[in-house]
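Residue-level structure breakdown
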Amino acid sequence: MASLRTIEISGTSALNRGTQYGHAAADLIADAIAYYARAFEHQCGLTWAEVLERARPWQRLIADGFPELHEEMAGIAEGAGVSLTEIVTLNCRGEIIYDRDFGPARPADETEGCTSFSLTGAAAGDGHVYCGQNWDWRHQAAPTLMILRIVQPPKPTLIMQVEAGQIGRHGANSEGLAFNANGLGGRFDTSVGVPQTLIRRLVLDSSSVSDALRILVETKAHIASNALLTHRSGYSIDLETTPGPIGWEYPSEGLLVHGNHYQAFVPPQLAATHRPTAPDSLLRVPRARQGLAAAAVAEKPADVRSAVHAAMSDHLGYPDSLCAHPDERLPEVRRWSTLLSSCVDLTTGEYYVAAGTPCTNPYELLPFNLYE
């Protein structure tokens, strides 16, 4: 599709795959570095060199605990002509900002927004299994988004939507397993934990739902994040993961929706003073549930997608709506929007995305099928 760069990398060598990635996305990676250099300076008062220094504990953790992904990152850096530490920084931007309280930063600035959904069983009238999300993040990061297909035998083939330079974000694999994520708030007193981009990639590298669940439950993350898993068999589950306890939810009549607030539980470490990090999440979730109910009476896949598209285009609460738009009251570097909306048919393997706000962009079919 013309509106998002679509890249395929392949091979059994992680370094070679990374080099392919870096070459193909070098300009986008440079743009991502330039944006986050501005964003960190504006929000935290840190120079880019200081940000890179803060990334080094995660660089050591990745090298020691995840050598193959470390090698892939090294290849991305080599192909793009940037430092390995800069690629690590792009992959742990959230962990760095959560590592301490940076003066004027607001909690909402730190939590990556999203509204994720899963349609199984009676929730989709055509009998297919669907999942997807509105991916809300910094508006100025939009030009760095891309679609990445990774062919990596013997592991599953992946299709992901990522920021350039990242090795994991949201997507699905050739085993029919999909992963959609949402930021969750709250600071936890913890030693350096695994960055979310690595956890998400490990989940999508999984050949089975049980393997994916094991990763989410057993991996010590650095920050809290929500994980919505959907499998083409019709199984889905939502896990609210934190560096400490984990909560979970199952679908109701086949429908699961999650935003950026704790829905299954509130971690005891936060309970005494907890308030939702993103108040608009309290609006987005019920609106998505209400709108997605139309998919249950749609008899054809095109009609289900149309129902999903309409639901995810909702503007109640604009600009902080389900379909989010930049708030002109904020400095440009801190404005948010829905950067991408996705709808994946796990029954057929068709992967649809709208590049930008769904209210103005249609779902377009990617040139890759999950099962081909």
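Residues numbered from 1 in each chain as written. Predicted model: local features only at pLDDT ≥ 70, side-chain atom pairs only at ≥ 80, totals over all residues. Heavy atoms only, no water.

For the rest of this paragraph, the subject is unusual backbone geometry. The omega torsion across Pro-153 and Pro-154 is 5°, close enough to zero to call that bond cis. Within the secondary structure layout, Pro-154 lies in the loop between strand E4 (145-151) and strand E5 (158-163). In this model, Tyr-318 is joined to Pro-319 through a cis peptide bond whose omega is 10°. Position of Pro-319 among the secondary structure elements: in the loop between helix H11 (301-312) and strand E12 (336-345). Look at Glu-253: it is not a glycine, yet its phi comes out positive at around 50°. Taking relative accessible area as the criterion, Glu-253 reaches 71% and is therefore assigned exposed. (Helix = DSSP H or I, 4+ residues; strand = E, 2+ residues; numbered from the N terminus. Buried < 20%, exposed > 50% of the residue type's maximum accessible area, 1.4 Å probe, protein only.)

What follows is about the sheet that holds E12. Pairing is antiparallel across the open sheet formed by six strands, whose spatial order is E11-E2-E3-E12-E13-E14. If you trace the sheet from one side to the other, it starts and ends with strand E11 (255-258) and strand E14 (364-365), each paired once. As judged from the six bridges shared by E12 and strand E13 (residues 350-355), these two strands associate in the antiparallel manner. Counted as the bridge partner of Ser-341 is Ala-354 from E13. Sitting on the sheet, helix H10 (residues 281-292) touches strand E2 (113-119), strand E3 (130-138) and E11, and the angle it makes with E11 is about 155°. Of the strands in this sheet, E2, E3, E12 and E13 touch H11, which is tilted by about 150° from E2. (Pairing = 2+ DSSP bridges. Contact = heavy atoms within 4.5 Å. Axes fitted to C-alpha atoms, helices over the stretch in contact; angles between N-to-C directions.)

Ordered in space as E1-E4-E5-E6-E7-E8-E9-E10, the eight strands form an open sheet in which the pairing is mixed. Both edges of this open sheet fall to strand E1 (5-10) and strand E10 (246-249), since each of them pairs with a single strand only. Along the sheet, successive strands turn relative to each other by an average axial angle of 20°, direction set aside. Taken together, the six bridges between E4 and E5 define a ladder with antiparallel strand orientation. From the neighbouring strand, Leu-148 faces E5, where its bridge partner is Met-160.

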